[in-house]
Amino acid sequence: MRGMPRLSQVLAPRGREFFDLFEEAGGNILRAADLLEQMLRDYPERADLAREILICEQEGDRITHDIIRRLNETFVTPIDREDIYALASALDDIVDFTEEAADYLGLYKIEAPMEQGQRLAHVLLQAARAISEAMPRLRSFEDISHYTVEINRLENDGDRITREAIASLFDTGIDPMVVIRWKDIYERLENAIDATERVANILEGIVIKNS
C-alpha cells in the first residue's frame, strides 16, 4: 500500500509558481537593462527604446502583482513569506529605476549621452545578467555566491563611477541646468544598481536559510 504523499509534494505545483515568476522577473530585468544600455550607447538615435523599457516596467508590475496574489492565496509557501515579498519588491525596484532613467532622458531633452552614464548602464546590465542567471538556482537552493559576489563588486563599481560622474559635472563649468538633469539621471542609474545588490543579499539569505 502506498503511503500518503507529503504536504510538500501536494503543494509542489503551487510552490513552483513562485520560482517561475521569479525567473520571469529576472528575465524582464535583464531585458530592461539591455534596452537601456543600447539606448544610452546610441542616444539620441535610439531614444525610441524608452517605450520598450516602459513596457518592461509594466510587465514587472504585473509579475509583482501575480507574486503577491499567489502569496495571499497560498497557505504553505516554498520559502518564508517575508522573503517572497522582499524579493518581489526588490526585483520590481530594479525595473522601476531603470525605466525612470530612460524616462528622464526624454523629459530633460538630453541631446547627447555622458560617457559615465553609458558606463553605469553597462554596470547595470552586467548586474542584471548575474541576477537572471542566479535565479534558476533558487529552486534547489544551490550555492549562488559566485553571482552575489559579482553583483556586490559591480555595485561598488557603480558607486565609484557615480561619485566620479557627479564630481565631473561640477568641475567642467557646464550649464547648471545640465548639471541638475544629469545628476538626476546618474542617481536613478545608481539606485537601479543598488537595487541589484539588495536582490543579491535577499537571495543569499534565502539560500542560507533553506540549505
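Before reading on, note that the structure itself is shown above.
Computed from a prediction, not measured in an experiment: that's the story for all the values here. What you see as residue numbers is a count from 1 along each chain, following the sequence as written. It should be noted that, the model being predicted, local features are given only for residues of pLDDT at least 70 and side-chain atom pairs only at 80 or more, the latter also being counted only at that level, while totals for whole chains, interfaces and linings use all residues. Excluding hydrogens and water, the side-chain values take into account all heavy atoms of the structure.

As a further point, take the overall build of the protein chain. Numbering goes from the N terminus for both helices and strands, where a helix is a DSSP run of H or I of at least four residues and a strand is a run of E of at least two. On a plain count of helices and strands, the protein chain comes out with seven helices and zero strands. Taken from the N to the C terminus, the helices and strands of the protein chain come in the order α-α-α-α-α-α-α. Counting only C-alpha atoms and orienting by the principal axes, one finds that the protein chain spans roughly 80 × 30 × 25 Å. Burial classes follow relative accessibility: with a 1.4 Å probe on protein chains only, a residue under 20% of its type's maximum area counts as buried, one over 50% as exposed, and anything between as partly exposed. Looking at the 211 residues of the protein chain, the share that counts as buried comes to 44%. Residues are treated as being in contact if the distance between any of their heavy atoms lies within 4.5 Å. In the protein chain, 83% of the contacts between residues at least 6 apart in sequence involve partners at least 24 apart. For the area figures, the Shrake-Rupley method with a 1.4 Å probe applies, and any residue is considered shielded solely by the protein chains shown. A total of about 10700 Å² of accessible surface is found on the protein chain, and carbon and sulfur atoms cover 52% of it. Between the centroid of the 25 positive side chains of the protein chain and the centroid of its 42 negative side chains there is a distance of 6 Å. Just so you know, the count uses Lys and Arg for positive and Asp and Glu for negative, and it drops His and the chain ends. One atom stands in for each charge, and that atom is NZ of Lys, CZ of Arg, CG of Asp or CD of Glu.

So, on to the nonpolar core. In this text, buried Ala, Val, Leu, Ile, Met, Phe, Trp, Tyr and Cys residues form a nonpolar core when linked through side-chain atoms within 4.5 Å. Grouped together as the largest cluster of nonpolar side chains are 67 residues, with contacts concentrated most on Phe22, Leu36, Leu87, Leu91 and Leu138. Of all the secondary-structure elements, those providing two or more residues to this core are helix H2 (12–41), helix H3 (49–73), helix H4 (81–107), helix H5 (115–134), helix H6 (145–171) and helix H7 (176–210). At 14 residues, H7 tops the list of elements feeding residues into this core. If we skip the residues at most four places from it in the chain, Phe22 touches Ile67, Ile79, Ile84, Leu87, Ala88, Leu91, Met135 and Leu138.

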